[in-house]
Amino acid sequence: MSNIVNEFNVYRSKMNDKILADNNKVIKRIFNLDTNAFKAGVLDVKTKELLGLVASMVLRCDDCVKYHLEACYNEGISKDEVIESLSIANLIGGTIVIPHLRRAYEFWDALEQQS
C-alpha cells in the first residue's frame, strides 16, 4: 500500500477509535449518520461518493477528499469519472480549490499505485 494512503488510513483509524472510545452519544450518532448516509438508497453508492467528493473539495477538507477518493476507488469509479467530478468542484469552488485538486491527484495516483 502506498505510504500516503497507509499513513492516512492508520491515522484516521487510530483517531476514530480514540474519539469513539470517549462514548459521546452525539459524536457516535454523527459517525453513524455519516456511515448510513453513504449506503445505497434512492441514489447508488457511486453517486453518493462522487457527491461527497465534490462537497469535500468545495469545503476544502483534504481528509474528507482523501476518504471519498479511496471510497470512489474501492467502488470501481474510473479516474475519468473522478476527474470530471473534481472539475465541477473546481468550477463551483473557484481557484482557491486548486491546491486541494493537486493533493487529490497525488492521492488518486497513490491509490492506483497500490494495485
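First, a word on scope: everything that follows refers to the structure included in this document. (Residues numbered from 1 in each chain as written. Predicted model: local features only at pLDDT ≥ 70, side-chain atom pairs only at ≥ 80, totals over all residues. Heavy atoms only, no water.)

## Structural notes on the side chain of Lys48
Within the secondary structure, Lys48 sits in helix H3 (residues 45-59). Contact partners of Lys48, with chain neighbours within four places excluded, come to Ala37, Phe38, Lys39, Ala40, Gly41 and Leu43. (Helix = DSSP H or I, 4+ residues; strand = E, 2+ residues; numbered from the N terminus. Contact = heavy atoms within 4.5 Å.)

## Details of helix H5 (residues 79-93)
Compared with the 21 Å implied by 1.5 Å per residue over 15 residues, the 20 Å span of H5 between its first and last C-alpha is a close match. All of the buried residues in H5 are Val82, Ser85, Leu86, Ala89 and Asn90. In a view along the axis of H5, the buried residues occupy a sector of 145°, so they form one face of it. Across from the buried face of H5, at angles greater than 90 degrees, the exposed residues are Asp80, Glu84 and Leu91. Contacts from the buried residues of H5 go to H3, helix H4 (62-74) and helix H6 (98-113). One or two residues past the end of H5 sits Gly94, with phi positive at roughly 85°. (Expected span 1.5 Å × (residues − 1). Buried < 20%, exposed > 50% of the residue type's maximum accessible area, 1.4 Å probe, protein only. Arc of directions from axis to C-beta.)

## Remarks on the packing of aromatic side chains
Here the distance between the centres and the angle between the planes together describe a pair of aromatic rings. In the structure shown here, the tally under the stated rule is 2 aromatic pairs. Where Phe8 meets Phe107, the ring centres are 5.8 Å apart and the plane angle is 80°; that geometry is what we call edge-to-face. With Phe8 in helix H1 (residues 3-21) and Phe107 in helix H6, the pair connects residues that are 99 residues apart, well separated along the chain. With respect to burial, Phe8 and Phe107 carry one shared label: buried. Aromatic pair Tyr73 and Trp108: ring centres 5.5 Å apart, planes at 80°, arrangement edge-to-face. Of this pair, Tyr73 sits in helix H4 while Trp108 sits in helix H6, and the two are 35 residues apart along the sequence. Using a relative accessible area of 22% as the deciding quantity, one classes Tyr73 as partly exposed. (Phe/Tyr/Trp six-rings, centres within 6.5 Å; stacked < 30°, edge-to-face > 60°.)

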